[in-house]
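The chain contents come next:
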Amino acid sequence: MKSAADAGSGEPAGATTGVQSVDRALTILEVLARGGEAGVTEIAAELGVHKSTAFRLVATLEAHRLVEQTGERGKYRLGFGILRLAGATSARLDVVQEARPLCRQLAADTGETVNIAVLSEHSALYLDQVAGSSALQSHNWVGQHIPLHATSNGKVLLSGLDQPRLDELLGKLSAYTPMTITKKSELRAELERVRTQGYALAVDELEVGLTAAAAPIRNAHGDVVASMSVSGPTFRLTPERVEEAVRLLVGAALEVSHRLGWGQR
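Conventions we followed
Residues numbered from 1 in each chain as written. Predicted model: local features only at pLDDT ≥ 70, side-chain atom pairs only at ≥ 80, totals over all residues. Heavy atoms only, no water. Pairing = 2+ DSSP bridges. Helix = DSSP H or I, 4+ residues; strand = E, 2+ residues; numbered from the N terminus. Contact = heavy atoms within 4.5 Å. Axes fitted to C-alpha atoms, helices over the stretch in contact; angles between N-to-C directions. Expected span 1.5 Å × (residues − 1). Buried < 20%, exposed > 50% of the residue type's maximum accessible area, 1.4 Å probe, protein only. Arc of directions from axis to C-beta. Polar contact = N/O pair within 3.5 Å; in protein donor to acceptor, adjacent residues only side chain to side chain. Core = buried A, V, L, I, M, F, W, Y, C linked by side-chain atoms within 4.5 Å.

> Would you mind going over the sheet that holds strand β3 (residues 75-78) in detail, with residue names and values included?
Taken together, three strands build an open sheet; the order of strands is β1-β3-β2 and the sheet is antiparallel. In the strand order of this sheet, the two ends are held by β1 (38-39) and β2 (67-69), each with one partner. Sheet analysis places β1 next to β3, joined by two bridges and oriented antiparallel. Its bridge partner lying in β3, A38 is registered against Y76. Packed on one face of the sheet, helix α4 (residues 51-63) meets β2 and β3 and runs near 105° to β2.

> Summarise the pairing of β3; cite the residues concerned and give the values.
Here three bridges tie β2 to β3, and the two strands are oriented antiparallel to one another. Of the residues in β3, the one forming a bridge with V67 is L78.

> Describe the environment of Q105, with residues and values.
The residue Q105 is located in helix α5 (residues 80-110) in this model. Linking Q105 and V130, residues 25 residues apart in sequence, is a C-alpha distance of 9.4 Å.

> How would you summarise helix α8 (residues 184-197) if you had to cite specific residues and measurements?
One full turn of an α-helix is made of 3.6 residues, so residues set three or four places apart face in the same direction. Here α8 contains 14 residues, and its C-alpha end-to-end distance of 20 Å stays within 8% of the 20 Å for a straight helix at 1.5 Å per residue. Buried within α8 we find L187, E190, L191 and V194. The arc that holds the buried residues of α8, viewed along the axis, is 100°, so those residues lie on one side. Exposed side of α8, more than 90 degrees from the buried face: S185 and T196 are the residues found there. After α8 finishes, the residue G198 shows a positive phi value of roughly 85°.

> Please provide a residue-by-residue account of the side chain of S159, values included.
Within the fold, S159 resides in helix α6 (residues 152-159). When its relative accessible area of 11% is taken as the criterion, S159 is described as buried. Engagement of the side chain of S159 in a polar contact is seen with the backbone oxygen of V156, the distance being 2.6 Å. Those residues in contact with S159 that lie beyond four places of it in its chain are L191, V194 and R195.

> Outline the nonpolar core, supporting the account with residue identities and numerical values.
Formed by 26 residues in total, the largest nonpolar core has its most connected members in C103, L106, V114, I116, I217, M228 and L249. Those elements that place two or more of their residues in this core are α5, β4 (113-120), β5 (123-130), β8 (210-218), β9 (224-233) and α9 (239-259). It is α9 that provides the largest number of residues to this core, a total of seven residues. Setting aside residues no more than four positions away along its own chain, L249 makes contact with L106, A213, A214, A215, M228, S229 and V230. Formed by 21 residues, the second largest nonpolar core is a distinct cluster that contains A124, W141, I181 and A200.

Written out as structure tokens, the structure is:
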């Protein structure tokens, strides 16, 4: 039977139960972060649930390596999965922090919008944006996901992947404009060009009238961890202006890579 809260929420009972489980799982992580370690009995008391419920939640977190058992039987602590998640967040923050001054300079030099993007599952995620003087009322892309095959940022991010990961990501290539690459063989050839020349172009591929160029940002190991792009209206980014923008862009992305430890000078 639904509670009054469930009835008033308009959500299925299963959805409410799922949210409650997530809330309890997060509480467990907070308990372990606060106390260092805890047993199932302590966790159950903190949550106000039966031990069997607490055990199921802890077992799920353990399966994802977010918690682990200590040497003492029945005691749990935060697992290495937490460090992996924190490391990923820290790495993204490092990229934004190191890239921001160079993005500002690049936007000032080109007059166009500069973005930083990273790979996020099957798309590219914009982390940061700086608008240039020519980019009046520029669309804010921060936090938005964009297709990989139809954008310069996406092509750069794809170019840094090994073959198995690339095969995994390349599903159906949707057409956004008549210029979008929709054949995998053509995209693979394009990615090889990106690797060779060190930057990617996308002219009218995501939107008719939009041109963008992107260059890779690498970490200390040489992995492509992000891309930096310059974008603007196609009518303004003529081939001559694109050539100059690419020169500045590649230099800026290289400097960010150096700041992240790649090719220590």
